[in-house]
Amino acid sequence: MFDAVTNNIGFLMGGFLVTLELTCFALAGGIILGAIVGLGRISKRKWIYYPVTGYVNFLRNMPLILVIFWFYFVMPIIAGRPLNPFLSAVISFIIFEATYFGEIFRAGYQSISKDLSAAAYSTGMTYGQTARYILVPIAFRRMLPSLITQSIVTFQDTSLAFVIGLQEFVRRTSIVDNMEVRSIQLFGFVAVVFFIFCFISSKISRHFEEKGRKTGLL
Amino acid sequence: MIEIKNVSKWFGDFQVLTDVNETIERGQTVVICGPSGSGKSTLLRCVNGLEPYQEGEIVVDGVSLSDPRTNLYKLRENIGMVFQRFELYPHMTALQNISLAPMKVRKWPKEKAEQKARELLKRVGIPDKADAYPANLSGGQQQRVAIARSLAMEPRYMMFDEPTSALDPEMIKEVLDVMANLAKEGMTMLCVTHEMGFAREVADEIIFMDFGKIVERGTYEDFFNNPKSERAKEFLDQIL
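What counts, and at which threshold
Residues numbered from 1 in each chain as written. Chains lettered and ligands numbered in written order. Predicted model: local features only at pLDDT ≥ 70, side-chain atom pairs only at ≥ 80, totals over all residues. Heavy atoms only, no water. Helix = DSSP H or I, 4+ residues; strand = E, 2+ residues; numbered from the N terminus. Areas by Shrake-Rupley, 256 points an atom, 1.4 Å probe, with all protein chains shown as cover. Lys, Arg positive; Asp, Glu negative; His and termini not counted. Charge placed at Lys NZ, Arg CZ, Asp CG, Glu CD. 1 Å grid on protein atoms, 1.4 Å probe; cavity = no way out; pocket = protein on both sides within 12 Å on 5 of 7 lines; lining within 4 Å. Points joined across faces, edges and corners; volume = space filled by probe spheres on them. pLDDT = per-residue confidence, 0-100. Pairing = 2+ DSSP bridges. Axes fitted to C-alpha atoms, helices over the stretch in contact; angles between N-to-C directions. Contact = heavy atoms within 4.5 Å. Buried area = accessible area lost by both parts, 1.4 Å probe. Salt bridge = Lys/Arg side-chain N within 4 Å of Asp/Glu carboxyl O. Polar contact = N/O pair within 3.5 Å; in protein donor to acceptor, adjacent residues only side chain to side chain. Buried < 20%, exposed > 50% of the residue type's maximum accessible area, 1.4 Å probe, protein only.

Regarding the overall build of chain A
And step 1. Broken down by element type, chain A carries nine helices and zero strands.
And step 2. Going from the N terminus to the C terminus, chain A shows its helices and strands as α-α-α-α-α-α-α-α-α.
And step 3. Dimensions along the principal axes, computed over C-alpha positions, put chain A at roughly 65 × 50 × 25 Å.
And step 4. Counting every atom, chain A has about 11200 Å² of accessible surface; 67% of that belongs to carbon and sulfur.
And step 5. On chain A, the mean spot of the 19 positive side-chain charges and the mean spot of the 11 negative ones are 14 Å from each other.

Focus: the layout of surface pockets
Picture a little ball the size of a water molecule; that probe, rolled over the atoms, points out where space is still empty.
And step 1. By volume, the largest pocket amounts to about 1200 Å³.
And step 2. At the level of elements, α2 (9–41), α3 (46–60), α5 (85–110), α6 (114–122) and α7 (127–157) of chain A together with α1 (40–47) and α2 (72–76) of chain B are the ones that each hand at least two residues to the lining of the largest pocket.
And step 3. In terms of residues, the lining of the largest pocket owes the most to one element, α6(A), which gives five residues.

Some points on the confidence of the model for chain B
And step 1. For chain B, per-residue confidence averages 93 on the pLDDT scale, and residues scoring 70 or more make up 100% of the total.
And step 2. Two numbers describe this predicted complex: its pTM, 0.79, and its ipTM, 0.92.

Digging into the environment of Ser146(A)
And step 1. Structurally, Ser146(A) is set in helix α7.
And step 2. On a C-alpha basis, the gap between Ser146(A) and Phe101(A) in space is 8.9 Å, while along the polypeptide they are 45 residues apart.

Observations regarding the sheet that holds strand β3 (residues 29–33) of chain B
Residues and elements named next belong to chain B.
And step 1. Spatial strand order, β6-β7-β8-β3-β9-β10: six strands in an open sheet with mixed pairing. Unpaired on one side and paired on the other, β6 (79–82) and β10 (213–218) mark the two borders of the sheet. Strand-to-strand, the axes of this sheet are offset by a mean angle of 20°, without reference to chain direction.
And step 2. Two elements, strand β9 (residues 205–210) and β10, share five bridges in a ladder whose sense is antiparallel. Looking at β10, one finds that Phe208 is bridged to Glu216.
And step 3. Lying on the sheet, helix α6 (residues 169–184) is in contact with β3, β7 (157–161) and β8 (188–192); it crosses β8 at an angle near 145°.

What about the interface of chain A and chain B?
And step 1. With 21 residues of chain A in contact, the opposing surface of chain B contributes 24 residues.
And step 2. It is Ser122(A), Thr123(A) and Tyr133(A) that lose the most area in chain A upon contact with chain B, and together they represent 29% of the buried surface on that side.
And step 3. At the boundary of chain A and chain B, one finds one salt bridge.
And step 4. For the salt bridge of Asp115(A) with Arg45(B), the shortest nitrogen-to-oxygen distance reads 2.4 Å.
And step 5. One can count six residue pairs in polar contact (both at pLDDT 80 or more) joining chain A with chain B.
And step 6. Going through the elements one at a time, α6 and α7 of chain A are the ones with two or more residues in the side of chain A that touches chain B.

Regarding the pattern of salt bridges
Residues and elements named next belong to chain B.
And step 1. Under the counting rule described, the total for this entry stands at 20 salt bridges over all chains.
And step 2. Arg144 is paired through a salt bridge with Glu174; the nearest N and O atoms lie 3.0 Å apart. Note that Arg144 is positioned in helix α5 (residues 139–151) and Glu174 in helix α6, a separation of 30 residues in sequence.
And step 3. Judged by relative accessible area, Arg144 falls into the buried class, the value being 9%.
And step 4. The closest approach of N and O atoms between Lys233 and Glu230, which form a salt bridge, is 3.5 Å.

Some remarks on the environment of Thr130(A)
All names here are of chain A.
And step 1. Within the element layout of this structure, Thr130 appears in helix α7.
And step 2. According to the relative accessible area criterion, Thr130 is buried, its value standing at 0%.
And step 3. For the pair Thr130 and Ser117, spaced 13 residues apart in the sequence, the C-alpha separation amounts to 6.7 Å.
And step 4. Once residues lying within four places of it in the same chain are set aside, the contact partners of Thr130 are Ser117, Ala120, Tyr121, Met125 and Leu135.

Quick word on the confidence of the model for chain A
Any region with low pLDDT has predicted coordinates that should not be read closely.
And step 1. In the predicted model, chain A carries a mean pLDDT of 89, and the fraction of residues at 70 or more is 98%.
And step 2. Looking at the elements of chain A, mean pLDDT is at its lowest for helix α1 (residues 3–7) of chain A, recorded as 84, and at its highest for α3(A), recorded as 94.

Here you go:
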């Protein structure tokens with residue numbers, strides 16, 4: 001009954017592994033860059049604030065699929081050689097997701113009272129030290145539920161990388177489907193795998209939310 | 001020595017400090033009181049460079065804060081500050097709260113910083129709370145951790161911004177005791193507080209501020225027994 005899936009399970013799971021790898025790189029890069037973008041969005045220095053805000057507004061009003069396409073076709077002109085689809089997808093996801101993570105971090109930073117950073121400054125810590133040891137860790141903990149939610153969205157979005165020929169989960173499923181012509185079974189399988197992953201993640205997110213509420217951090 | 005010379009400050013059109021003059025010698029404890037909105041907290045923030053001022057000059061140990069070459073971060077290492085709402089780092093234990101700045105700013109090794117932190121917790125009377133998070137400490141305990149955090153940098157000056165006004169009555173004394181001991185040990189202190197018992201015990205001078213101006217100054221006895229201005233008389237009637 002599930003023969004189309006079981007006969008091609010190795011090939012399909014190989015695609016799922018690519019999806020996971022893409023998600024991991026996109027999240028690691030997107031969250032680190034997002035933490036910095038968030039700082040830029042609350043900066044009092046105009047030459048930092050305006051470019052960062054422009055970058056965020058521009059990409060947040062752009063469909064992701066366009067960013068993936070655009071990056072894939074424009075980068076070879078800048079780099080002088082074609083990028084492989086995986087690297088191209090990772091970079092476009094990082095610059096795109098960083099704007100969403102950046103806004104989450106901005107809200108996190110703004111939830112921290114001015115006096116808390118004043119307390120850190122009053123012990124002689126510099127802005128960089130205060131950001132690194134106080135602002136970012138607290139914002140990160142407070143924002144953990146939103147971060148996980150956005151991570152789930154990123155995980156789902158990675159399937160869009162099929163447009164530049166990256167053989168991730170959905171792309172490989174569609175390759176199998178072209179041979180086997182068992183769309184309902186194959187894409188049903190994809191849906192179940194995505195659902196299980198996302199459902200577990202949202203449960204984890206809920207757990208951190210409860211925990212944060214208990215320790216008084218939220 | 002902290003010298004505040006003719007300092008004025010505006011928030012937009014609103015003048016929060018008007019021509020403030022004050023000198024605090026080493027080892028002195030100065031208590032600042034006055035109604036809310038009179039500029040007391042703002043004055044403290046100006047002294048450690050957390051707020052800019054537009055006119056006048058503040059000089060700490062010969063270093064002017066208005067001088068653009070002054071490294072404010074460096075200056076603040078020597079001026080501890082304690083806040084009304086404690087402002088402990090909520091994601092760190094008491095021990096980590098205290099040892100962070102010595103490790104990162106003074107570059108002390110972890111062991112030395114933690115040993116110092118434990119000594120300080122003992123000094124403020126809560127040696128058993130080293131591993132507790134702020135959320136699990138009472139207000140009085142949190143404020144004592146906050147004092148220990150400032151002391152960990154071995155500052156030459158300590159500033160207190162209404163350190164007991166967010167506390168339940170039964171916790172006020174434990175914090176005031178710590179502060180009084182500091183004063184007696186020779187720490188130079190600038191305290192915004194309305195705790196007049198504390199002022200009587202340790203203050204070398206009391207400053208009364210109203211509408212951003214120093215209206216009256218003197219010893220505890222002067223201030224209490226013969227306040228010169230009407231405004232100070234009214235204020236004393238209200239708080240006593």
